[in-house]
Amino acid sequence: MKVGGSYTLPLLRQRAHELLQDPAILARCMPGCEDLKKIGPDEYEMQMKVVVSAVQGLFAGKVRITDQKPPESFRLIVEGSGKVGFMKGDGLLTLVPATVTTGVSILGSEGTEVRYEGDVQVGGTLAGVGQRLLDSTAKMIIRKFFEKLAEAGAETEQAAIVP
Amino acid sequence: MIPQNFEYSAPTSLKEALALIAKGDAKVLAGGMSLIPLMKLRLAAPEHVVDLSRIADLKSVHEDGKGEFPGGALHLGALATHFEIESSALVRSKCPLLAEVASNIGDVQVRNVGTIGGSTAHADPAADYPAGLMALEAKVHLTTAKGERTLPIDQFIVDALSTALKPNELVREIIVPVETRGTGFSYQKLAQPASGFAVVGVAARVRKSAGKVTFVRVGVTGLAGKAFRATRVEKLLEGTSGSAADIQKAAAQAAEGVDANTDLHASADYRRQMTKVFTARALTQALSRAD
């Protein structure tokens with residue numbers, strides 16, 4: 001399944017790039033992330049509890065970052081499996097300076113558009129019976145992630161400026 | 001096909017039910033048309049299930065002259081089944097769009113057991129009700145052990161399978177307006193043949209006066225993560241004479257600016273195209289029923 005889209009963060013590109021690779025921030029922003037540990041350079045181990053409607057999936061997996069071109073792009077490889085199924089994702093994230101039109105930013109209108117494009121494979125029971133819902137659910141989870149990231153970003157900026 | 005062990009409670013009053021879910025870790029069972037299959041597949045394994053089916057209060061369907069809508073409102077208890085709504089003389093005469101939507105859900109077995117509250121709280125992006133509820137600008141009455149609140153449907157449904165419902169909160173009623181005389185309505189759906197879910201579904205309400213279209217509401221389900229009101233279509237059709245060309249021109253905007261779903265059964269482009277086609281069909285039938 002192809003996924004793609006973009007989200008504009010009210011953060012400068014350098015800062016957005018840093019945040020997207022900060023394990024503490026990622027752990028906070030990934031919906032259902034219960035644990036994220038660094039196990040090597042650009043490699044993390046993760047526990048996720050995904051709750052979508054009545055479905056609860058516990059996933060254990062790995063996140064790897066490759067093709068680093070700070071601050072403009074990197075590739076994110078995610079793998080996870082649990083009782084209800086497994087998933088594999090591979091995506092290229094590109095960061096482009098952009099103008100923020102909505103939301104509050106203490107930086108004014110300077111922001112960063114994060115474009116993502118990739119391929120997600122889902123298997124097991126989850127995919128067998130949930131095919132119809134995979135696309136809309138994946139989009140929802142990505143949207144939630146960026147919303148939280150924008151929030152976290154705004155908070156850290158605030159903390160840096162107002163001691 | 002056998003669910004994991006779980007604790008089961010079947011309270012007989014709303015108060016008891018609210019006390020049971022107050023801790024926030026129980027799963028509420030209404031008709032069970034979504035939850036039970038998920039439990040049998042072990043995709044859902046709640047430890048505690050609170051079955052609402054014995055609470056008579058939640059089954060009431062009645063009219064209320066004052067309050068929520070200027071022309072009066074119909075209050076549909078969360079446990080009213082699709083069949084009850086489809087066949088209720090009150091709903092058919094006062095809010096016929098909702099009865100028409102209900103009659104299009106799944107199959108007769110599902111309609112006999114599935115409920116409006118359960119379906120709305122589940123917020124499946126391809127469910128039929130949300131299209132009708134958006135077009136009706138319905139409200140959702142929620143309750144906890146401590147208080148109550150009422151949300152417009154477009155604030156209640158947040159995203160695919162996500163609502164504003166808190167873990168300790170229940171959907172008590174869905175509130176829809178009593179339809180103004182002369183309002184035309186239609187629900188047109190492209191059903192997925194195996195599941196009956198809407199690939200796309202479009203609900204329309206229209207009013208005409210002196211040869212002009214004065215009021216249009218269009219709700220679309222199945223196309224995006226959540227059902228929505230196609231306001232561009234509404235604006236384009238209002239004020240026209242409602243000719244076939246006017247309908248085509250307005251319906252062409254139905255999928256504009258929408259991030260469309262894609263799955264094995266229908267690609268995003270196909271869904272967008274079908275949304276335009278079914279919007280035109282819904283508007284055409286609604287206008288032919290308006291007077």
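Residues numbered from 1 in each chain as written. Chains lettered and ligands numbered in written order. Predicted model: local features only at pLDDT ≥ 70, side-chain atom pairs only at ≥ 80, totals over all residues. Heavy atoms only, no water.

### Concerning the domain arrangement of chain B
Stage number 1. In terms of domains, chain B is made up of domain 1 (7-50), domain 2 (59-177) and domain 3 (184-289).
Stage number 2. With centres defined by C-alpha atoms, the gap from domain 1 of chain B to domain 3 of chain B works out at 35 Å. (Domains from an automatic or database assignment.)

### Observations regarding the side chain of D51(B)
Residues and elements named next belong to chain B.
Stage number 1. Here D51 lies in strand 3 (residues 48-51).
Stage number 2. Although D51 lies buried, it forms no salt bridge, and the closest oppositely charged side chain, R54, sits 5.4 Å away as judged by the N-O distance.
Stage number 3. In this structure the side chain of D51 is engaged in a polar contact, spanning 2.5 Å, whose partner is the side chain of Y8.
Stage number 4. Each residue touching D51, except ones within four places of it in the same chain, is listed here: Y8, S9, A10, P11, L29 and A30. (Helix = DSSP H or I, 4+ residues; strand = E, 2+ residues; numbered from the N terminus. Buried < 20%, exposed > 50% of the residue type's maximum accessible area, 1.4 Å probe, protein only. Lys, Arg positive; Asp, Glu negative; His and termini not counted. Salt bridge = Lys/Arg side-chain N within 4 Å of Asp/Glu carboxyl O. Polar contact = N/O pair within 3.5 Å; in protein donor to acceptor, adjacent residues only side chain to side chain. Contact = heavy atoms within 4.5 Å.)

### A closer look at empty space enclosed by the protein
To find leftover empty space, one rolls a probe the size of a water molecule over the atoms.
Stage number 1. Scanning the entire structure with this criterion turns up two cavities of 30 Å³ or more.
Stage number 2. By volume, the largest cavity amounts to about 90 Å³.
Stage number 3. What lines the largest cavity is a set of 14 residues, and nearest its centre among them are R132(A), A126(B), A198(B), D263(B) and R271(B).
Stage number 4. Listed by contribution, the elements that provide at least two residues to the lining of the largest cavity are helix 3 (125-161) of chain A together with strand 12 (198-209) of chain B.
Stage number 5. A class-by-class count of the residues in the lining of the largest cavity yields six nonpolar, four polar and four charged.
Stage number 6. Viewed by domain, the lining of the largest cavity spans two of them, domain 2 (59-177) and domain 3 (184-289) of chain B, each represented by three or more residues.
Stage number 7. Quantified by volume, the second largest cavity comes out at close to 40 Å³.
Stage number 8. What lines the second largest cavity is simply A123(B), D124(B), P125(B), P130(B), I157(B), T221(B), G225(B), K226(B) and A227(B).
Stage number 9. Of the residues in the lining of the second largest cavity, the class split is five nonpolar, two polar and two charged. (1 Å grid on protein atoms, 1.4 Å probe; cavity = no way out; pocket = protein on both sides within 12 Å on 5 of 7 lines; lining within 4 Å. Points joined across faces, edges and corners; volume = space filled by probe spheres on them. Nonpolar A, V, L, I, M, F, W, Y, C, P; charged D, E, K, R; others polar.)

### Topic: the pattern of salt bridges
A side chain with one charge can pair with a side chain of the opposite charge if their charged atoms come near.
Residue and element names in this part refer to chain A.
Stage number 1. Under the counting rule described, the total for this entry stands at 27 salt bridges over all chains.
Stage number 2. Residues D35 and K37 are paired through a salt bridge, measuring 3.8 Å at the closest nitrogen-oxygen approach.
Stage number 3. Its relative accessible area of 33% is what places D35 among the partly exposed residues.
Stage number 4. Judged by relative accessible area, which is 42%, K37 ranks as partly exposed.
Stage number 5. One salt bridge in this structure joins R75 and D90, with 2.9 Å as the shortest N-O distance. Of this pair, R75 sits in strand 5 (residues 73-82) while D90 sits in strand 6 (residues 85-99); the two residues are 15 residues apart in sequence, bridging distant segments of the chain.

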